[in-house]
Amino acid sequence: QAEPEALIEFNLSKPRAISISAAPVKPGDSVKFNVKTPENTFAYCYYKEGANNWMRVFPNRFQSDPFVSSSNGLAFPGDMKVDIKAGNKQQKESVTCFNTTADIRMGLPPEVYTPDLETATGLSLESLRAGFSKVASNNLSEATFELVKR
């Protein structure tokens, strides 16, 4: 008989919102963005291109810890060996980050904590939000930044 699945519960306080910024990009440019946080936090960032093509870009295999300090923030890709290219001018692209006051990776469902740096089709902002909310309850903040094309 199979063992029941362990339920991981997190008792979190609501984090303060983070902010995301990026310089305008031309098609084919490398996507770069910065995350600033008013307090230490744990961030989970996704890059969206097109309708529902999402990619978990942070944390990733080059920086596996989702911790982001208020003093340093996060510069993506920074030292990470990641190079995501901006699509054509008509293609809508954005970065969405969810943040919490604790590391919740181990409790996230696999359809939300997707393999890093791989495009996952069929996801939506609503399904990502629902997956994070399931683990973090209302103790979750999020920010989205639409990439500006030039």
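Note: the structure precedes this text.
All values derive from a computational prediction rather than experimental measurement.

### Description of the packing of aromatic side chains
Part 1: Within this structure, the stated rule accounts for 6 aromatic pairs.
Part 2: Plain terms: the ring middles of Phe33 and Phe76 are 4.8 Å apart, the flat faces sit at 20° to each other, and that makes the pair stacked. In this pair, Phe33 is assigned in strand S2 (residues 33-36) and Phe76 in strand S6 (residues 74-76), connecting sequence segments 43 residues apart. Exposure class is identical for Phe33 and Phe76. Each is buried.
Part 3: Judged by centre distance (6.4 Å) and plane angle (80°), the rings of Tyr46 and Phe98 are edge-to-face. Separated by 52 residues along the polypeptide, Tyr46 in strand S3 (residues 41-49) and Phe98 in strand S7 (residues 93-100) bring together distant segments of the chain. The residues Tyr46 and Phe98 share a single accessibility class, namely buried.
Part 4: A network of ring pairs unites the aromatic residues Tyr44, Tyr46, Phe98 and Phe132 as a single cluster.

### Here we look at the side chain of Thr37
Part 1: Assignment of secondary structure puts Thr37 in the loop between S2 and S3.
Part 2: A distance of 2.5 Å separates the side chain of Thr37 from the backbone oxygen of Glu39, its partner in a polar contact.
Part 3: Not counting chain neighbours up to four residues away, the residues in contact with Thr37 comprise Ile18, Val68, Ser69 and Ser70.

### Some details on the nonpolar core
Part 1: One finds Ile20, Phe33, Val35, Cys45, Val57 and Ile84 to be the most contacted residues of the largest nonpolar core, which totals 24 residues.
Part 2: Mapped onto this core, the elements with two or more residues apiece are S2, S3, strand S4 (53-58), S6, S7 and strand S9 (141-146).
Part 3: When near neighbours in sequence (up to four residues on either side) are disregarded, Val57 contacts Phe33, Cys45, Tyr46, Tyr47, Phe76, Ile84 and Leu117.
Part 4: Core analysis: the second largest hydrophobic core is formed by 15 residues, Trp54, Ala120, Leu128 and Ala136 among them.

### So, the sheet that holds strand S1 (residues 19-21)
Part 1: The strand order across the open sheet formed by 3 strands is S1-S2-S6, and the pairing between neighbours is antiparallel. Both edges of this open sheet fall to S1 and S6, since each of them pairs with a single strand only. Strand-to-strand twist across the sheet, computed as the mean angle between neighbouring axes with direction ignored, equals 15°.
Part 2: Direction of pairing for S1 relative to S2: antiparallel, over a ladder of 3 bridges. Each residue of the ladder has a partner; that of Ser21, found in S2, is Asn34.

### Section: the state of the cysteines
Part 1: Within the structure shown, the criterion is met by 1 disulfide.
Part 2: Across the disulfide, Cys45 is cross-linked to Cys97 (sulfur-sulfur distance 2.1 Å). Measuring handedness by torsion sign, the sulfur bridge of Cys45 and Cys97 sits at about 110° and is right-handed. With a gap of 52 residues between them, Cys45 in strand S3 and Cys97 in strand S7 connect regions that are remote in the sequence.
Part 3: By relative accessible area, Cys45 is classed as buried at 0%.
Part 4: Look at Cys97 and you get buried, because its relative accessible area is 0%.

Reading the values: the criteria
- Residues numbered from 1 in each chain as written.
- Predicted model: local features only at pLDDT ≥ 70, side-chain atom pairs only at ≥ 80, totals over all residues.
- Heavy atoms only, no water.
- Phe/Tyr/Trp six-rings, centres within 6.5 Å; stacked < 30°, edge-to-face > 60°.
- Helix = DSSP H or I, 4+ residues; strand = E, 2+ residues; numbered from the N terminus.
- Buried < 20%, exposed > 50% of the residue type's maximum accessible area, 1.4 Å probe, protein only.
- Polar contact = N/O pair within 3.5 Å; in protein donor to acceptor, adjacent residues only side chain to side chain.
- Contact = heavy atoms within 4.5 Å.
- Core = buried A, V, L, I, M, F, W, Y, C linked by side-chain atoms within 4.5 Å.
- Pairing = 2+ DSSP bridges.
- Axes fitted to C-alpha atoms, helices over the stretch in contact; angles between N-to-C directions.
- Disulfide = S-S within 2.5 Å.

Note that every value here comes from positions in space, so none of it alone points to a role or purpose.
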